[in-house]
Structure formats: structure tokens, C-alpha cells
Amino acid sequence: MPERGTSLLPGNNLENVNIQWQAFFRIQMKIFSCAPKWRLYRSCRKRKLHPAQIFTVLYGMLLAASTPAASFCSPARAQQSDAAKPVVVQPGAPGKPSRTLPPSTRATLPPRSQADVEFMQDMIMHHSQAVEMTALISSHTENKDLRSLGARISSSQSDEIKFMKRWLAARGELVSKATPEMPGMDMSREKMALMAGMLTPEQMAALRKAKGAEFDGLFLTGMIQHHNGALTMVKDLFDTAGAGQDADLFNFATDADNTQRAEIQIMQTMLEKKPLEEKR
């Protein structure tokens, strides 16, 4: 058994080994420069322990210190990986608990109602007549308020026609209805007279012939009638079971309802002002 402080290696290599071990521990002490470890190292040196013995002591402490940290990090990593997974929760019915669904669950849109398609097809024709009416304003009246109102109606309803056409095309539906006898034929002329609020051919002819104040009156009363018809169409849509559930269609129909109600009030106010101006 060798005495304390003696080396187990041949004498020729002892000095080199000591130098290497000392250099190694200086580096380790810079990395792990905690006061308790440094005091332990100095204590080991005072007791003239061999560098290999000092290394064994410090290595054991390092393992002991790192084990709790590793055990602490493992749950944290697991928690992070769990948090990365999407959580799909299905709300329960009133009085019932919610359910957690698999991450692969995907939302599905409600089935499209035929009433939705017919509403869009009919509303395109309905809007088209309103745009046709506003196109007469520039050549039939100098009323600035009416011109401003007409420009707003024309712009908004033209944009809505584009939206409705895109909505139908995205769902593989025709822009206009077709009869079984003549597939693909646009029956807008016949259908126009039957749709709620639309002006009859006679009303449109009278509007085209009128000028000035007469035109203003016919246009305002005709467009109020036209807007009220659109409100009826929206109401009928939402009164139909299963219809109006599509998010885009619902937003469009409710916006159109709100806009046309506001425009009806504006036109009614303009009609009330008209007799007062004529009396002056």
C-alpha cells in the first residue's frame, strides 16, 4: 500500500502528471468557481491528496449537484412539449362539462342550404336594378344630395354584386337561376317582376322619362320600395330553417340590412324636405 502523497505512477512521469492535473483543476475551478468547491479543493491540497483522488471527490460532487437539476429539467421539458400540442375543447351543453378532443380534430362548416344559394342569386338581380336606377341620376337631375346618395348606393351595391358572384363561384353554383327547360338561360327579366320590392317595367319606364324634381320624387319613392324589398328578402332568409348559417353570407346579409335601413331613413327625410322647398 503506497504512503499518502506518493504516486502510483513511475517516477519519471509523476511531475508531468501533476502539472497536467493542476492545470486541469485550475480550469475546472474557473468554471465552477463556487466558494464551497474552492475551499474543498484547498483542503484536499493541504492534506496532500493525489490529484486523482481530488478529481474523484470533485467529480462525485459535480454529479450529485447535476442530478437534481436534470430531474428538475425533465418535467419542464415534458411540460413544454405538452404545451406545444394544440388543445381542442368542445363546450358542453348547458349543465354539461366540456370535452377535450384529439389534436387532430378539425372544424367543419355547416352544410350549405339551397335557400342560401337562391338568396344570393336573387339578390344579384335585385342589386342590379338598383345600380340601373342610379345610372339615370347624372342625366336626369341636378340635385346634389340625390347625386351623392346615388353614387353611394351604386358603389356599395356594385361591390356587393361582385362579392355575391365570388361566393357562388367558390361553391360551384350558377350566378343566375336557370329553368329546367332551358339550362343556363338567364331568366332575370321574368324573375325581376316577381322579386320583392323591385320596380315593374312600367315604373322603370316612368323613371326614365322623368326629369328634374319629378325624377327626384320617383327615384326616392322607387328606391325606398326597392330597399324595403331587400329587407323582406333578408328576413325570409333568416326565417328559413337551416339557412343563413354560412359566416360570410350571414355577415353580408346583416350588413346589407343595416345599410339599407339607414338609407331608407335618409331618403324619407329627403322626401319630407322636397314639398317644403317647392312651397318656397
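Residues numbered from 1 in each chain as written. Predicted model: local features only at pLDDT ≥ 70, side-chain atom pairs only at ≥ 80, totals over all residues. Heavy atoms only, no water.

A. View of the overall build of the protein chain. Assigned secondary structure in the protein chain consists of ten helices and two strands. Order of helices (α) and strands (β) in the protein chain, N terminus to C terminus: α-α-α-β-β-α-α-α-α-α-α-α. Taking all 280 residues of the protein chain together, the buried fraction comes to 30%. Long-range pairs, those at least 24 residues apart, make up 73% of the contacts in the protein chain between residues at least 6 apart in sequence. Carbon and sulfur atoms make up 57% of the accessible area of the protein chain, which totals about 18400 Å². (Helix = DSSP H or I, 4+ residues; strand = E, 2+ residues; numbered from the N terminus. Buried < 20%, exposed > 50% of the residue type's maximum accessible area, 1.4 Å probe, protein only. Contact = heavy atoms within 4.5 Å. Areas by Shrake-Rupley, 256 points an atom, 1.4 Å probe, with all protein chains shown as cover.)

B. Here's a closer look at the packing of helix 6 (residues 144-170) against helix 9 (residues 212-239). Relative orientation of the contacting elements helix 6 and helix 9 amounts to 35°, with a least axis distance of 12 Å. Helix 9 is crossed by helix 6, and the crossing has left-handed handedness. Residues Leu146, Leu149, Ile153 and Gln157 of helix 6 form the contact with helix 9, whose own contacting residues are Phe215, Asp216, Phe219, Leu220, Met223 and His227. Its residues placed into classes, the contact of helix 6 with helix 9 shows seven nonpolar, two polar and one charged. (Axes fitted to C-alpha atoms, helices over the stretch in contact; angles between N-to-C directions. Left-handed = near helix turned anticlockwise from the far one by under 90°. Nonpolar A, V, L, I, M, F, W, Y, C, P; charged D, E, K, R; others polar.)

C. Representation of the side chain of Gln121. Relative to the helices and strands, Gln121 is located in helix 4 (residues 114-134). A relative accessible area of 6% places Gln121 in the buried class. Discounting chain neighbours no more than four positions away, the residues touching Gln121 are Leu168, Leu174, Val175, Ser176 and Lys177.

D. Main features of the packing of aromatic side chains. Summed over all chains, the structure comprises four aromatic pairs. Where Phe163 meets Phe252, the ring centres are 5.4 Å apart and the plane angle is 40°; that geometry is what we call tilted. Taken as a pair, Phe163 in helix 6 and Phe252 in helix 10 (residues 247-279) lie far apart in primary sequence, 89 residues in all. Following the ring pairs from residue to residue traces out a cluster consisting of Phe119, Phe163 and Phe252. (Phe/Tyr/Trp six-rings, centres within 6.5 Å; stacked < 30°, edge-to-face > 60°.)

E. Expanded view of the packing of helix 4 against helix 9. At their nearest, the axes of helix 4 and helix 9 sit 11 Å apart, and the two run at 170° to each other. Relative to helix 9, the element helix 4 lies roughly antiparallel. Residue-level contacts link Ala115, Asp116, Phe119, Asp122, Met123, His126, Gln129, Ala130, Met133 and Thr134 of helix 4 to Phe219, Gly222, Met223, His226, Gly229, Ala230, Met233, Val234 and Leu237 of helix 9. In terms of residue class, the contact of helix 4 with helix 9 is built from eleven nonpolar, six polar and two charged. (Parallel < 35°, antiparallel > 145°, perpendicular 65-115°, else oblique.)

F. Geometry of the side chain of Thr134. Turning to its location among the elements, Thr134 is positioned in helix 4. Among the polar contacts listed, one links the side chain of Thr134 to the backbone oxygen of Val131, at a separation of 2.8 Å. Among residues more than four places away in sequence, those in contact with Thr134 are Gly150, Ile153, Ser154, Phe219 and Met223. (Polar contact = N/O pair within 3.5 Å; in protein donor to acceptor, adjacent residues only side chain to side chain.)

G. Examining the confidence of the model for the protein chain more closely. Of the residues in the protein chain, 59% reach a pLDDT of 70 or more, and the chain-wide mean stands at 77. When the criterion is pLDDT under 50, residues 5-9 qualifies, and its contacts beyond four places in sequence or with other chains add up to six contacts. Scored below 50 in pLDDT, residues 179-193 makes 14 contacts in the model with residues more than four places away or belonging to other chains. (pLDDT = per-residue confidence, 0-100.)

H. Layout of the environment of Arg171. In this structure, Arg171 sits in the loop between helix 6 and helix 7 (188-192). C-alpha of Arg171 to C-alpha of Arg112: the two residues are 59 residues apart in sequence and 9.1 Å apart in space. With near-sequence residues (within four places) excluded, Arg171 lies in contact with Arg112, Asp246 and Asp248.

I. Region of interest: the nonpolar core. Counting 21 residues, the largest nonpolar core has Phe119, Met120, Met123 and Met164 as its most contacted members. Broken down by secondary-structure element, the contributors of at least two residues to this core are helix 4, helix 6, helix 9 and helix 10. Residue contributions to this core peak at seven residues, all from helix 4. Ranked by size, the runner-up nonpolar core spans 20 residues in total, among them Ile153, Leu199, Leu231 and Met267. (Core = buried A, V, L, I, M, F, W, Y, C linked by side-chain atoms within 4.5 Å.)

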